[in-house]
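# Observations on the three-dimensional arrangement
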Amino acid sequence: MPDTPITLPAHLPYTKEHIVVIGGGISGLMSAWILLDKGYKITILSDHWAWTKDFHKSRLTSQIAGALWEFPPGGCGPTEMTKPPLGWAQLKQYEEWALQSFEFYELFMKLQERHKAEFGLSMAKLNSFFYKSMPKDAKVTSEDPDEAKLAQIKAYAESNPPRLSGLQRHHEDIQGFMQGIGVGEHYQGLLKDAYTHDAPIINTDKAMVFLMELLRNKGAEMETVHLEKLEKQYLEDLGYKPDGVINATGLGAKDLVADKDVFPVRGAIKRMANSTFDKFHNLNEAYLVPSQVDPANNKDHVKTVFLVPRSDEILIVGSIIQPYNDQLDLTDDSPEVEIMWKRARDFLPRLDYAQPIPDYPLAEGLRPFTSKNVKVRAEERDGLKVVHNYGHGGSGWTLAVGCARTAVHLLETWLDGKNTKTPDHLNMDMYE
Ligand SMILES: Cc1cc2nc3c(=O)[nH]c(=O)nc-3n(C[C@H](O)[C@H](O)[C@H](O)COP(=O)(O)OP(=O)(O)OC[C@H]3O[C@@H](n4cnc5c(N)ncnc54)[C@H](O)[C@@H]3O)c2cc1C
């Protein structure tokens, strides 16, 4: 069972069907929250839960995350999204899901201080850099994905009402901007453009504990079970007879529903003390050099720099992007960790003076990717109504709220007695 104290619920009576949510990560918990608020009876089944007391014990991917909100496609860049056939999630859906999550986090920031602190949520400036100079009037229709992304961000920041806040371009005085931050000479020579906007940052350890407590108090039953397969009879044999299922098992979906599209992308982040010490001054803003086409050869993708002040105490430094690698055996001395750390110090030389967090200096995890993008889809499995919500890659926290809403919407439409649509029709309607 999760390691948080159990406070038993004074919840409202259930008025709707019984839904089993599989997965105790952010995708499962966010889906469960929305369903509970709509009056469904919820059981969450998971083989692992967020664990915060012992840093040597392995932690959920949802806890390992940065977790920085990024406009899609996220900093994992080219590995972040593919162009799947019609009827599957496309870039437009990612944008909508991310913006809905942004709005949720922004609203949450307006709650009382106590709730913000419990969720571990903050809103910081995210400064994102390009290796090439972008046109001042970047076009959403540009063939260059980086330019199109910049133009799209601008369009959302200028929409009425704005869906993104705090957008600034540093096109004119990029050198002055970098010097002000203290960017190293090497990167000053490489980087040619940048923009800034507000972005949520989530202290995942706090948020996961907060969400589990919240759901328990709203009446969710949470049981520790490893499911071998997703079939009606199998669930019934285990004592569960749900009217519908949300499958939010992340990488686990590869085995649970035999989805060959699912693959891991190994990542790791260093955890440094974000306090002013010696010549290191703490960071209040996030800095990102996302993966992007290398202008030198117009083919390869350059590696990322990812600096995220999770809180006043912790600075996250990343990241590593290794598709199809599922080995969790990195150490501080692994060559890829050393290269990542060197990149970060080349970008911001004062990191040389930063100190690692002694009890947990390196976090590594496997991002749950699929070769057809996030799978928020209805599927009938042997008479069982299943809506999948997995495969969020390096953007699980960025997409969490939007994807959970879509998953719940799909399930509700399907459960509605008047609806006669097949799961395939529901999926097509969703992504047309
Ligand atoms: C290094 C790193 C940095 C990242 N940075 C960011 C970031 O900055 N921003 C961002 O938005 N995202 C980031 N991510 C991505 C993010 O962590 C994931 O996309 C997100 O955590 C996926 O959440 P999930 O709930 O879908 O999966 P998970 O967190 O993996 O949860 C899956 C749940 O399902 C359970 N489960 C699986 N199989 C079974 C089974 N058969 N039976 C029962 N239970 C099962 C597991 O125990 C777990 O509880 C990062 C990831 C990594 C590794």
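From a predicted model like this one, the values you see are computed outputs, not experimental measurements. (Residues numbered from 1 in each chain as written. Predicted model: local features only at pLDDT ≥ 70, side-chain atom pairs only at ≥ 80, totals over all residues. Heavy atoms only, no water.)

### Things to note about the overall build of the protein
Within the protein one finds 13 helices and 15 strands. The C-alpha atoms of the protein give a radius of gyration of 22 Å, which matches the 22 Å a tight globule of 432 residues would have. Referenced to the eigenvectors of the C-alpha coordinate spread, the extents of the protein come out at roughly 65 × 45 × 40 Å. A gap of 2 Å separates the mean positions of the 48 positive and 60 negative side-chain charges of the protein. (Helix = DSSP H or I, 4+ residues; strand = E, 2+ residues; numbered from the N terminus. Rg over C-alpha atoms; globule rule 2.2 N^0.38 Å. Lys, Arg positive; Asp, Glu negative; His and termini not counted. Charge placed at Lys NZ, Arg CZ, Asp CG, Glu CD.)

### Details of the nonpolar core
Most often, soluble globular proteins have nonpolar side chains that are buried together. Ile42, Ile44 and Phe119 are the most contacted members of the largest nonpolar core, which totals 86 residues. With 12 residues, helix α12 (residues 396–415) is the single largest residue contributor to this core. Those residues within four positions of isoleucine 42 in sequence are excluded, and the remaining contacts are His18, Ile19, Val21, Ala32, Leu35, Leu36, Gly219, Ala220 and Glu221. The next biggest cluster of nonpolar side chains, apart from the first, holds 25 residues, and it includes Phe129, Tyr187, Val289 and Val305. (Core = buried A, V, L, I, M, F, W, Y, C linked by side-chain atoms within 4.5 Å. Buried < 20%, exposed > 50% of the residue type's maximum accessible area, 1.4 Å probe, protein only. Contact = heavy atoms within 4.5 Å.)

### Points about the sheet that holds strand β14 (residues 375–381)
Here 6 strands make up an open sheet; going across it, the order is β6-β2-β1-β7-β15-β14 and the pairing mixed. Strand pairing shows two members of the sheet lacking a second neighbour, β6 (221–224) and β14, which therefore form its edges. Direction aside, the axes of adjacent strands within the sheet are offset by 20 degrees on average. Where strand β1 (residues 18–22) and strand β2 (residues 41–46) come together, 5 bridges link them in parallel fashion. When the bridges of β2 are listed, histidine 18 appears paired with lysine 41. (Pairing = 2+ DSSP bridges. Axes fitted to C-alpha atoms, helices over the stretch in contact; angles between N-to-C directions.)

### Structural notes on unusual backbone geometry
Note the cis peptide between asparagine 160 and proline 161, where omega equals 0 degrees. Considering the arrangement of structural elements, one finds proline 161 in the loop between α5 (145–158) and β4 (168–169). The linkage connecting glycine 318 with the following residue, serine 319, adopts the cis geometry, with an omega of 0 degrees. Positionally, serine 319 belongs in the loop between β11 (314–318) and β12 (322–323). Even without being a glycine, alanine 258 presents a positive backbone phi close to 50 degrees. Tracing the backbone through its elements, the reader meets alanine 258 in the loop between α10 (253–256) and β8 (262–273).

### As for the site of the ligand
Taken together, the neighbourhood of the ligand is formed by 37 residues, with Ser27, Ser46, Asp47, Ser62 and Gly393 sitting nearest. For the ligand, an oxygen atom lies 3.0 Å from a polar atom in the backbone of glycine 24. Protein chains bury 96% of the 1000 Å² of accessible surface belonging to the ligand in isolation. Elements that contribute at least two residues to the shell around the ligand include exactly α1 (26–37), α2 (61–64), β8, β13 (362–370) and α12. Looking at the shell around the ligand element by element, the count peaks at 4 residues for β13. When grouped by side-chain class, the residues that make up the shell around the ligand number 14 nonpolar, 21 polar and 2 charged. (Near = heavy atom within 4 Å. Polar contact = N/O pair within 3.5 Å; in protein donor to acceptor, adjacent residues only side chain to side chain. Areas by Shrake-Rupley, 256 points an atom, 1.4 Å probe, with all protein chains shown as cover. Nonpolar A, V, L, I, M, F, W, Y, C, P; charged D, E, K, R; others polar.)

### Concerning the side chain of glutamate 95
Tracing the sequence through the fold places glutamate 95 in helix α3 (residues 91–109). For glutamate 95, the residues in contact, after removing those within four places along its chain, are Phe71, Pro72, Gln152 and Tyr156.

### Regarding the pairing of strand β10 (residues 305–309)
On a regular strand, one side chain projects to one face of the sheet and the next to the other, so that they alternate. Taken across its 5 residues, β10 has 5 buried, putting it largely inside the fold. Residues Val305, Leu307 and Pro309 point to one face of β10 and Phe306 and Val308 to the other, with burial holding for every one of them. Where strand β9 (residues 286–289) meets β10, 3 bridges bridge the pair, whose relative direction is antiparallel. Bridging from a neighbouring strand, valine 289 pairs with valine 305 of β10. The antiparallel hairpin formed by β10 and β11 contains 4 residues in its connecting segment.

### So, the UniProt feature "binding site: FAD" (unreviewed entry) in the protein
According to UniProt, the feature "binding site: FAD" (unreviewed entry) maps to Thr61, Ser62, Thr249, Gly393, Gly394, Ser395, Gly396, Trp397 and Thr398 in the numbering used here. Along the chain, the position of threonine 61 falls in helix α2. The residues touching threonine 61, leaving out its near neighbours within four places in the chain, are Leu366 and Pro368. Looking at where serine 395 falls in the secondary structure, it is placed in the loop between β15 (384–390) and α12. (UniProt positions renumbered as here; feature names shortened; annotations may be inferred.)

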